[in-house]
Amino acid sequence: MKCIIIFVIMVSLSFCSDRKTRNQRSPTGNTSTEKENKVPEKRKSIRKEAVARYRERTENPLNEWYFGVDLFETKNTFHYLIKLQYEEIRGIDTLRLPDFGQPPSPVLKKGPEKYSCIIGFLDNNDSFRVYKKVYVRNNTLKITALRHYAVSTREIIKN
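Structure report, in brief. (Residues numbered from 1 in each chain as written. Predicted model: local features only at pLDDT ≥ 70, side-chain atom pairs only at ≥ 80, totals over all residues. Heavy atoms only, no water.)

In this section: the pattern of salt bridges. Scanning the model with the defined rule gives 10 salt bridges in all. Ionic pairing is found between Glu56 and Lys110, a salt bridge with its closest N-O pair at 3.6 Å. Of this pair, Glu56 sits in strand S1 (residues 52-57) while Lys110 sits in strand S5 (residues 106-110), and the two are 54 residues apart along the sequence. A relative accessible area of 19% means that Glu56 is categorised as buried. Looking at Lys110, the relative accessible area reads 44%, which means it is partly exposed. Of the charged contacts, one joins Glu59 and Lys114 as a salt bridge, the two residues approaching to 2.6 Å between their closest N and O atoms. With a gap of 55 residues between them, Glu59 in the loop between S1 and strand S2 (66-73) and Lys114 in the loop between S5 and strand S6 (116-122) connect regions that are remote in the sequence. Residue class for Glu59 comes out exposed when judged on its relative accessible area of 59%. Each of Arg53, Arg55 and Asp70 takes part in a single network of salt bridges with overlapping partners. (Salt bridge = Lys/Arg side-chain N within 4 Å of Asp/Glu carboxyl O. Helix = DSSP H or I, 4+ residues; strand = E, 2+ residues; numbered from the N terminus. Buried < 20%, exposed > 50% of the residue type's maximum accessible area, 1.4 Å probe, protein only.)

Encoded structure:
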C-alpha cells in the first residue's frame, strides 16, 4: 500500500514539473520565461516627433501643399496616432499593431496611386506586412484597412 502511495506521489510531482516546463516553451520548442519575451503594454516615454513620415508635394502651382502621413507614438506600445494631410484637408486615425513579442516597427511606403501611402509593419522575419492605405480620390482624403491581423498562442506538447 505504501509503495502505491509513493508511486502516485512521484508520478504527480513528475507531471507537475513537466507541465511547468511545457508551459514555458516557446513556439520554437525552447524553454523561456514569459517576462523575457513580453513587450510592456505601456511606453515609459513617448516620442514627440513622428516615428514614421511620408511626404509628397502636390501639383498645385500656387501653393506649397503636400500629401502626407505621419505616425506618432501613444502611451500604449502597440497603438499609434495617424495624422493625414492632403493640401489643406487634415484628418486623424489610429493604428493598432499586433504583438509579435518584439517592439513594433511601423513602416510607411509609397502606394500604387498618385497620392497614396501604404501603412504597414515589419514582422518577426523583417517582412513588410501591409495594413492600411491612405489615398486621395476625387479630391477627398481617404483611409482604408487592407488587411486585419491577430496573434494567438498555443501550447505544443511533444511526447
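We are not done yet, so read on.
Core analysis: the biggest nonpolar cluster contains 20 residues, and Phe67, Val69, Leu95, Leu108 and Ile119 have the highest contact counts within it. Listing elements by their share of this core, those giving two or more residues are S1, S2, strand S3 (79-86), S6 and strand S7 (128-137). In terms of residue count, S3 provides more of this core than any other element does, four residues in total. When residues no more than four places from it in sequence are discounted, the contact partners of Leu108 are Ala52, Arg53, Tyr54, Val69, Leu71, Cys117, Ile118 and Ile119. (Core = buried A, V, L, I, M, F, W, Y, C linked by side-chain atoms within 4.5 Å. Contact = heavy atoms within 4.5 Å.)

In this section: the packing of aromatic side chains. Taken as a whole and judged by the stated rule, the model has seven aromatic pairs. Geometrically, the ring pair formed by Tyr86 and Tyr115 is tilted, given 5.7 Å between the ring centres and 50 degrees between the ring planes. Separated by 29 residues along the polypeptide, Tyr86 in strand S3 and Tyr115 in the loop between S5 and S6 bring together distant segments of the chain. Across the pair, exposure class does not vary: Tyr86 and Tyr115 are buried alike. Here a set of aromatic residues connected by ring pairs shows up, and it is made of Tyr54, Phe67, Tyr86 and Tyr115. Sitting over the face of the ring of Phe128, Lys109 holds its NZ or CZ atom 4.2 Å from the ring centroid. (Phe/Tyr/Trp six-rings, centres within 6.5 Å; stacked < 30°, edge-to-face > 60°. Lys NZ or Arg CZ within 6 Å of the ring centre and 35° of its normal.)

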